[in-house]
Amino acid sequence: MARTFSRKKLTNTKLLKEYASWIYCENCNETIGYLCYTSYEKVEFDYECSCGNKGDLLIDFSTINQPKHSKNSLKMKGNRLCCPLDDSPLITILDKKIASFSYQIVCNNCEHLYSHNS
Ligand SMILES: [Zn+2]
Ligand SMILES: [Zn+2]
């Protein structure tokens, strides 16, 4: 599947590579998570870092028109949150470094959308 890039927005946040890899808080430069490149279709991640910075990240490849909303949670494997249906690794959130976070992420394999609020 060709990845036609659609939208990208980072607020107070840095990403090591263009669409993936380590996620940094731009205020304290701490790593707060890790995004896997090949498995997600769309990610929205909002957080408040323990340094007080509020940041967010949005990347959307928009190749799936209607993701199926899942009531299930992502499953933790090691420190990586994975799709519970096909085990695709999606995102790591270093929740010890952040005060609160929420996310929505779409797995591009099974086309389900997973969301979480803390
Ligand atoms: Zn910070
Ligand atoms: Zn999946």
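Every value quoted in this text rests on a predicted model; they were computed, and no experiment measured them. (Residues numbered from 1 in each chain as written. Chains lettered and ligands numbered in written order. Predicted model: local features only at pLDDT ≥ 70, side-chain atom pairs only at ≥ 80, totals over all residues. Heavy atoms only, no water.)

Participant: So what exactly am I meant to see when it comes to the sheet that holds strand β9 (residues 80–82) here?
Facilitator: Hydrogen bonding along the main chain pairs the strands of a sheet, whether they run parallel or antiparallel. Strand order in the open sheet formed by six strands is β2-β3-β4-β10-β9-β8, with antiparallel pairing between adjacent strands. Looking at strand neighbours, the two that pair on one side only are β2 (13–15) and β8 (75–77), the edges of this open sheet. Taking the axes of each pair of neighbouring strands and ignoring which way they run, one obtains an average angle of 25° across the sheet. Taken together, the three bridges between strand β4 (residues 31–35) and strand β10 (residues 89–93) define a ladder with antiparallel strand orientation. (Pairing = 2+ DSSP bridges. Helix = DSSP H or I, 4+ residues; strand = E, 2+ residues; numbered from the N terminus. Axes fitted to C-alpha atoms, helices over the stretch in contact; angles between N-to-C directions.)

Participant: Just to check I follow, could you spell out the coordination of the zinc ion (ligand 2) for this structure?
Facilitator: Each pair of donors in an ideal four-coordinate tetrahedral metal site encloses 109.5 degrees, whereas pairs in an ideal six-coordinate octahedral site enclose 90 or 180 degrees. In the first shell of the zinc ion (ligand 2), the protein supplies Cys83 (SG), Asp86 (OD), Cys107 (SG) and Cys110 (SG), at 2.2 to 2.3 Å from the metal. Sequence spacing of the donor residues for the zinc ion (ligand 2), all on one chain, is C-x2-D-x20-C-x2-C. Taken together, the positions of Cys83 in the loop between β9 and β10 and Cys107 in strand β11 (residues 98–107) put the pair 24 residues apart, joining distant regions of the chain. Under the relative-accessibility criterion, Cys107 is labelled buried at 0%. (Donors = N, O, S within 2.8 Å, 3.2 Å for Na, K, Ca; no water. Buried < 20%, exposed > 50% of the residue type's maximum accessible area, 1.4 Å probe, protein only.)

Participant: Can you walk me through the coordination of the zinc ion (ligand 1) in this structure?
Facilitator: The coordination sphere of the zinc ion (ligand 1), as far as protein atoms go, consists of Cys25 (SG), Cys28 (SG), Cys49 (SG) and Cys51 (SG), spread over 2.2 to 2.3 Å. For the zinc ion (ligand 1), the donor residues sit on a single chain with the sequence spacing C-x2-C-x20-C-x1-C. Of the residues examined, Cys25 reaches a relative accessible area of 0% and is grouped as buried.

Participant: For this particular structure, what's the right way to read the pattern of salt bridges?
Facilitator: It is possible for side chains of opposite charge to pair when their charged atoms get near one another. Inspection of every chain in the model, using the stated rule, returns six salt bridges. Asp60 is paired through a salt bridge with Arg7; the nearest N and O atoms lie 3.4 Å apart. Remark: Arg7 occurs in strand β1 (residues 7–11) and Asp60 occurs in strand β6 (residues 54–60); sequence separation between them is 53 residues. Accessibility expressed as a relative area gives 41% for Arg7, which makes it partly exposed. Residue Glu44 is joined to Lys42 by a salt bridge in which the shortest nitrogen-to-oxygen separation is 3.7 Å. (Salt bridge = Lys/Arg side-chain N within 4 Å of Asp/Glu carboxyl O.)

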